[in-house]
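These are the residues of each chain, in order.
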Amino acid sequence: MDLLTFFRSERPWPQLLRLIERLPDHSHYKVAIHDNDDLARRLHEIEDTAGRRSSNLRTVDAHTWTPERAILTDVADILLNIRSSLEAQRTGKSQTATPMPRPRLARDRIEAAASQQRHRDRVRMMLGRG
């Protein structure tokens, strides 16, 4: 299938959109979309108005993040939780497992910057500077 077939009107545009939606999450297109600061800012504004937010600790390069790696990371997190639970039973002390790193995308950077700005605003208000 050639991309020009869509421009020549040999294929309908909705078909191209359906093909793009089916690309894997680790494809260059999807990574570029998820790592776009402007889109993340817009999504953040929409979530602020709707009152929804999600946050994850992420520190891995998104280009290397594949579905297989995501599943293995989830399995590793489960095993770490089991190990910390067993250790807590053995020692009698509360144990928490640190989750495995995940990709940090534009949305996460925007959320961190917004959180930091809210903190600065609160500190400024508490100190009577603004």
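Throughout this description, residue numbers start from 1 for each chain and increase along the sequence as written. With the structure being a predicted model, the display of local features is reserved for residues of pLDDT at least 70 and the display and counting of side-chain atom pairs for 80 or more, all residues being used for whole-chain, interface and lining totals. Side-chain numbers come from the whole structure's heavy atoms, not from hydrogens or water.

A. The arrangement of the side chain of serine 84 in detail. Each helix is a run of H or I in the DSSP string that is no shorter than four residues. Each strand is a run of E no shorter than two, and both are numbered from the N terminus. By the secondary structure assignment, serine 84 is in helix H5 (residues 67-91). When checking whether two residues touch, look at their non-hydrogen atoms; a contact exists if any pair is within 4.5 Å. Every residue in contact with serine 84, bar those within four places of it in the chain, is listed here: Gln95, Thr96 and Ala97.

B. Structural detail: unusual backbone geometry. The phi torsion at serine 9 lies on the positive side, around 65°, for a residue other than glycine. Residue position: serine 9 is located in the loop between helix H1 (4-7) and helix H2 (13-21).

C. Representation of the confidence of the model for the protein. Residue-level pLDDT values for the protein average 85, and 92% of them are 70 or greater. pLDDT is defined as a per-residue confidence score from the predictor, taking values between 0 and 100. Mean pLDDT across the elements of the protein bottoms out in helix H4 (residues 37-50) (83) and peaks in H5 (93).

D. Looking closely at helix H6 (residues 106-126). With 21 residues, H6 extends 30 Å from end C-alpha to end C-alpha; this agrees with the ideal 30 Å at 1.5 Å per step. The classification of residues rests on relative accessible area computed with a 1.4 Å probe and restricted to protein chains. Under 20% of the type maximum is buried, over 50% is exposed, and intermediate values are partly exposed. Those residues of H6 that sit buried are Ala106, Asp108, Ile110, Glu111 and Ala114. Where H6 is buried, its residues meet helix H3 (28-34) and H4. In the stretch just after H6, glycine 128 is the one whose phi turns positive, near 75°. Any helix carries an expected span of 1.5 Å times its number of residues minus one.

E. Representation of the packing of aromatic side chains in the model. Stacked, tilted and edge-to-face are the three classes assigned to paired rings of Phe, Tyr and Trp, where Trp is represented by its six-membered ring and a pair needs centres within 6.5 Å; plane angles under 30 degrees give stacked, over 60 edge-to-face, the rest tilted. In the structure shown here, the tally under the stated rule is two aromatic pairs. When the centroid spacing of 6.1 Å and the interplanar angle of 35° are considered together, the rings of phenylalanine 6 and tryptophan 13 count as tilted. The exposure class assigned to phenylalanine 6 is buried, which follows from its relative accessible area of 1%. Measuring from centroid to centroid gives 5.1 Å for phenylalanine 7 and tryptophan 13, while their planes differ by 85°, and the two rings are edge-to-face. Given the relative accessible area of 55%, phenylalanine 7 is considered exposed. Take tryptophan 13: its relative accessible area is 42%, and that puts it in the partly exposed class. Site record: aromatic cluster; members linked through ring pairs are Phe6, Phe7 and Trp13.

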